[in-house]
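Coordinates in review
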Amino acid sequence: MAKPGNEIHRAWWKECSVYQIWPASYRDSNDDGIGDIPGIISKLDYIKNLGVDIVWLCPSYKSPQVDMGYDIADYYSIADEYGTVADVEKLIQGCHERGMKLLMDLVVNHTSDQIEWFKKSRSSKDNEYRNWYVWKAPRFDEQGNRHPPNNWMSHFQGSAWQYDELTGEYYLHLYATEQPDLNWEHPPVRDAVHDIMRFWLDKGADGFRMDVINFVSKDQRFPDVPVKDPRTPWQWADKYYANGPRLHEYLQGVGDILKKYDAFSVGEMPFVKDTNEVLKAVRYDRNEINMIFNFEHVDIDHGTYDKFEPGSWKLTDLKEFFERWQTFMYDNGGWNALYWENHDQPRSIDRYTNAKEEHRVISSKMLATALALHGGTPFVYQGQEIGMRNIPPSWGMEEYKDIDCLNHWNPLVRNRPSDTNAQTIARQEYQKKSRDNARTPVQWTSAPNGGFTGPNTKPWMSVNPNYTSVNAETQINDPNSTYTFWGRVLGLRKKYLDIFVYGNYTLVDRDSQEIFAFTRQYDDQKAIVVCNWTETAREWDAKANGIEDVKEVILDNWEGVQETAQRLEGGKWSLKPYEAVVALL
């Protein structure tokens, strides 16, 4: 049931939309094959014209780039390949001049092993930085063989512990061995994080996206986790390192700073299915963070034990996820971050529709409609606004760059060199789910290298060969393009702000595996969104689902609203393949 208007908690960041930039693949300004901050600055008008309000800059700090910048060696410097701190200041200024804000990426669960903090920490057990990281003594079996402190698995395969010869102890790394986890139990670590935040906020940054922020509090017993996957000694241990006992204490320390600057915040929080746990982080009166990235809908195609195993899902699974979180946040004063894509996920057209090329544009518009008109803050990832797709199935493994993918592939080939069936399945899953799918360079033009870099430069990663037909240049002035449609959807969200930002959410035709429909309502204002999630035309019984009187069609991804309105007369609606209709009721 819709709340009275005086019970709605309004905030500027709820009304915004966010455009995410992964700098290495955005725009190369100096023809070295790597995207950079001056390249981003050159495209600010393009971003502004999309209709977004906030630019999120993925990590561009000084880094050895083992995990593409998520291994930070200096939080106060910018990687040489991306530019300088002065360039970031120009980027902030350019955003502000256009009425946009800039988010920085705060990666503080772990650092690079090349940061001075860790170099000092590993130098001796007596060093003042020793407790900045998680160090543990080895375990020994009855034969005297050395083993890690527990059986936790790294997100990038293998043990989450690395033995360090110099001091004879293991350090924890939930990601790459070169990404040691910080010890947030140690107060100087928290002070250092707060100092980093103030540094960039004082330079004019408007907030942060916070990388795996719910990992910062861990169960200090560091126990073994029960074996679920008998094929490996290393097991997923998220029950002991995600959402730990002091998480909300730490988040409130972060929140105190954010509140003083009226800053935007979004936390990446994997392994969270407990709605009340999320609410503690994002409820309007908790003063922790504004919203979180939930992972259930992007884990929907994962296998039983691993994402690089075949998985299956139904449309009702996706609808159930959205309904649960939409209604919960609305009823309890929380807020959702809405996304299909980011730097860690494949392209949404391929993952959620698997549409043929003939339906690429129309399905991309359907996905835009379905996402942006849910309750929450929409995030658009670079290239999503032009309908970029996954890497081609024909690409060989030499084209893959992602450490997550390669750490899965290399042991498979090494340990099972003759198992061609397993290798074929793995290759198929990489093409569907590898992070590389999101990291091919943005396709700006039909020129060589898609206009990402100079025609005679080899880009750091190959450009998807479909750049000749899928590129920004052909879409900017095309009224029927994906880019233009994203602007219409985001504009509609603001035009009908009360409905689409602050309205309630009701799922319609819950059991349908073909139609995703929902209503949004604020006081007596009500709208319906209907998406045909299939490649064939459908007749939808609107009357049987309680929809009878359509006041006005306000958006359609196939044709003009007047033409669509004629097809919606009567109790049954004729829907085209991947059609998305939005109407006032």
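Residues numbered from 1 in each chain as written. Predicted model: local features only at pLDDT ≥ 70, side-chain atom pairs only at ≥ 80, totals over all residues. Heavy atoms only, no water.

Attention now goes to the overall build of the protein. Counting secondary structure elements, the protein contains 16 helices and 22 strands. For the protein, whose C-alpha radius of gyration is 24 Å, the value lies close to the compact-globule estimate of 25 Å for 585 residues. Projected onto its principal axes, the C-alpha positions of the protein cover 80 × 55 × 50 Å. Expressed as a percentage of the 585 residues in the protein, the buried residues total 62%. If you take every contact in the protein between residues at least 6 apart in sequence, the share linking residues at least 24 apart comes to 72%. (Helix = DSSP H or I, 4+ residues; strand = E, 2+ residues; numbered from the N terminus. Rg over C-alpha atoms; globule rule 2.2 N^0.38 Å. Buried < 20%, exposed > 50% of the residue type's maximum accessible area, 1.4 Å probe, protein only. Contact = heavy atoms within 4.5 Å.)

On to helix α5 (residues 187-202). For α5, with 16 residues, the first-to-last C-alpha span of 23 Å sits near the 22 Å given by 1.5 Å per residue. Glycine 204 sits one or two positions beyond α5 and adopts a positive phi of about 110°. (Expected span 1.5 Å × (residues − 1).)

What follows is about the sheet that holds strand β22 (residues 580-584). Strand order in the open sheet formed by five strands is β16-β17-β18-β22-β20, and the pairing between neighbours is antiparallel. Each having just a single partner strand, β16 (504-508) and β20 (552-556) make up the two edges of the open sheet. Within this sheet the neighbouring strands show an average axis-to-axis angle of 20°, counted without direction. Inspection of the sheet shows β16 paired to strand β17 (residues 515-522) by five bridges, in the antiparallel sense. Counted as the bridge partner of threonine 506 is threonine 519 from β17. Here helix α9 (residues 315-332) sits on the sheet and contacts β16 and β17; the angle it forms with β16, its principal contact strand, is near 155°. Relative to β20, helix α14 (residues 482-495) is tilted by about 140°, and along the sheet it contacts β20 and β22. (Pairing = 2+ DSSP bridges. Axes fitted to C-alpha atoms, helices over the stretch in contact; angles between N-to-C directions.)

Right, let's talk about the nonpolar core for a bit. With 147 residues, the main nonpolar core has Ile47, Trp117, Phe379, Phe500 and Trp533 as its most contacted residues. Considering each element in turn, this core owes the most residues, eight residues, to α9. Excluding residues within four positions of it along the chain, isoleucine 47 makes contact with Tyr19, Ile21, Tyr26, Val52, Val55 and Met100. Core analysis: the next-biggest nonpolar cluster, separate from the first, contains 20 residues, Ala160, Trp161, Phe215 and Tyr241 among them. (Core = buried A, V, L, I, M, F, W, Y, C linked by side-chain atoms within 4.5 Å.)

Attention now goes to the pairing of strand β15 (residues 377-381). In terms of burial, β15 is a largely internal element, five of the five residues being buried. What you see with β15 is no split at all: Thr377, Phe379 and Tyr381 on one side and Pro378 and Val380 on the other are buried throughout. Where strand β1 (residues 18-21) meets β15, three bridges bridge the pair, whose relative direction is parallel. Note that in β15 the partner of glutamine 20 across the bridge is tyrosine 381. As judged from the two bridges shared by strand β14 (residues 337-338) and β15, these two strands associate in the parallel manner. Bridge pairing links leucine 338 to proline 378 in β15.

Let us look at the environment of leucine 279. The residue leucine 279 is located in helix α8 (residues 275-282) in this model. Judged by its relative accessible area of 8%, leucine 279 is buried. Setting aside its immediate chain neighbours within four residues, leucine 279 contacts Arg286, Phe328, Asn332 and Gly334.

Most of strand β12 (residues 264-268) is tucked away, with five of its five residues classed as buried. Alternating residues of β12 divide into Phe264, Val266 and Glu268 and Ser265 and Gly267, and every residue in both groups is buried. Of the strand pairs in this sheet, strand β11 (residues 207-210) and β12 are connected by four bridges, and their pairing is parallel. What sits directly across from glycine 207, in β12, is phenylalanine 264. Pairing of β12 with strand β13 (residues 291-293) involves three bridges; the strand directions are parallel. Residue pairing across strands places glutamate 268 opposite phenylalanine 293, the latter belonging to β13. For the segment spanning β12, α8 and β13, crossover handedness is right-handed. (Right-handed = clockwise from strand over helix to strand, strands pointing away.)

Let's shift gears to the UniProt feature "domain: Glycosyl hydrolase family 13 catalytic" (unreviewed entry) in the protein. According to UniProt, the positions carrying the feature "domain: Glycosyl hydrolase family 13 catalytic" (unreviewed entry) are residues 20-439. Its end C-alpha atoms 12 Å apart, residues 20-439 is made of 33% helix and 12% strand. (UniProt positions renumbered as here; feature names shortened; annotations may be inferred.)

This brings us to the packing of helix α12 (residues 403-415) against helix α13 (residues 420-433). Each packed pair of helices is defined by two parameters, the angle between the axes and the distance between the axes. Remark: α12 packs on α13, axes separated minimally by 11 Å, with the N-to-C direction vectors making an angle of 170°. Classed by the angle they form, the pair α12 and α13 counts as roughly antiparallel. Between α12 and α13, the contacting residues are Cys405, His408, Trp409, Leu412 and Val413 on the first element and Ala422, Gln423, Ala426, Arg427 and Tyr430 on the second. Class assignment of the residues belonging to the contact of α12 with α13 gives a composition of seven nonpolar, two polar and one charged. (Parallel < 35°, antiparallel > 145°, perpendicular 65-115°, else oblique. Nonpolar A, V, L, I, M, F, W, Y, C, P; charged D, E, K, R; others polar.)

Further remarks concern the sheet that holds strand β9 (residues 161-164). Strand order across the open sheet formed by three strands is β6-β10-β9, with antiparallel pairing between neighbours. With partners counted over all chains shown, the strands left at the sheet margins are β6 (135-136) and β9, one partner each. As paired elements, β6 and strand β10 (residues 169-172) share two bridges and run antiparallel to each other. The residue bridging tryptophan 135 from the neighbouring strand is tyrosine 171, located in β10.

A separate point is α8. Within α8, six of the eight residues are buried, which leaves the element mostly enclosed by the surrounding structure. Within α8, the full set of buried residues consists of Thr275, Glu277, Val278, Leu279, Ala281 and Val282. The inward-facing, buried residues of α8 abut α7 (247-260), β13 and α9. Taking the backbone nitrogen of asparagine 276 as reference, a side-chain oxygen 3.0 Å away marks aspartate 274 as the first, capping residue of α8. (Polar contact = N/O pair within 3.5 Å; in protein donor to acceptor, adjacent residues only side chain to side chain.)

Once that is clear, we can look at empty space enclosed by the protein. Taking a probe equal in size to a water molecule and rolling it over the atoms shows the remaining empty space. All chains considered together, the criterion is met by five cavities of 30 Å³ or more. A volume near 230 Å³ is recorded for the largest cavity. In terms of lining, the largest cavity is formed by 20 residues, of which the most central are Met329, Tyr330, Gly334, Trp335 and Val501. Taken together, the elements giving at least two residues each to the lining of the largest cavity come down to α9 and β16. Taken together, the residues of the lining of the largest cavity break down into seven nonpolar, nine polar and four charged. Of the residues that make up the lining of the largest cavity, three or more belong to each of domain 1 (12-110 + 185-399) and domain 4 (503-584). Estimates place the volume of the second largest cavity at around 130 Å³. Contributing elements (two or more residues each) for the lining of the second largest cavity: α9 and β14. Sorting elements by how many residues they give to the lining of the second largest cavity places α9 first, with five residues. (1 Å grid on protein atoms, 1.4 Å probe; cavity = no way out; pocket = protein on both sides within 12 Å on 5 of 7 lines; lining within 4 Å. Points joined across faces, edges and corners; volume = space filled by probe spheres on them. Domains from an automatic or database assignment.)

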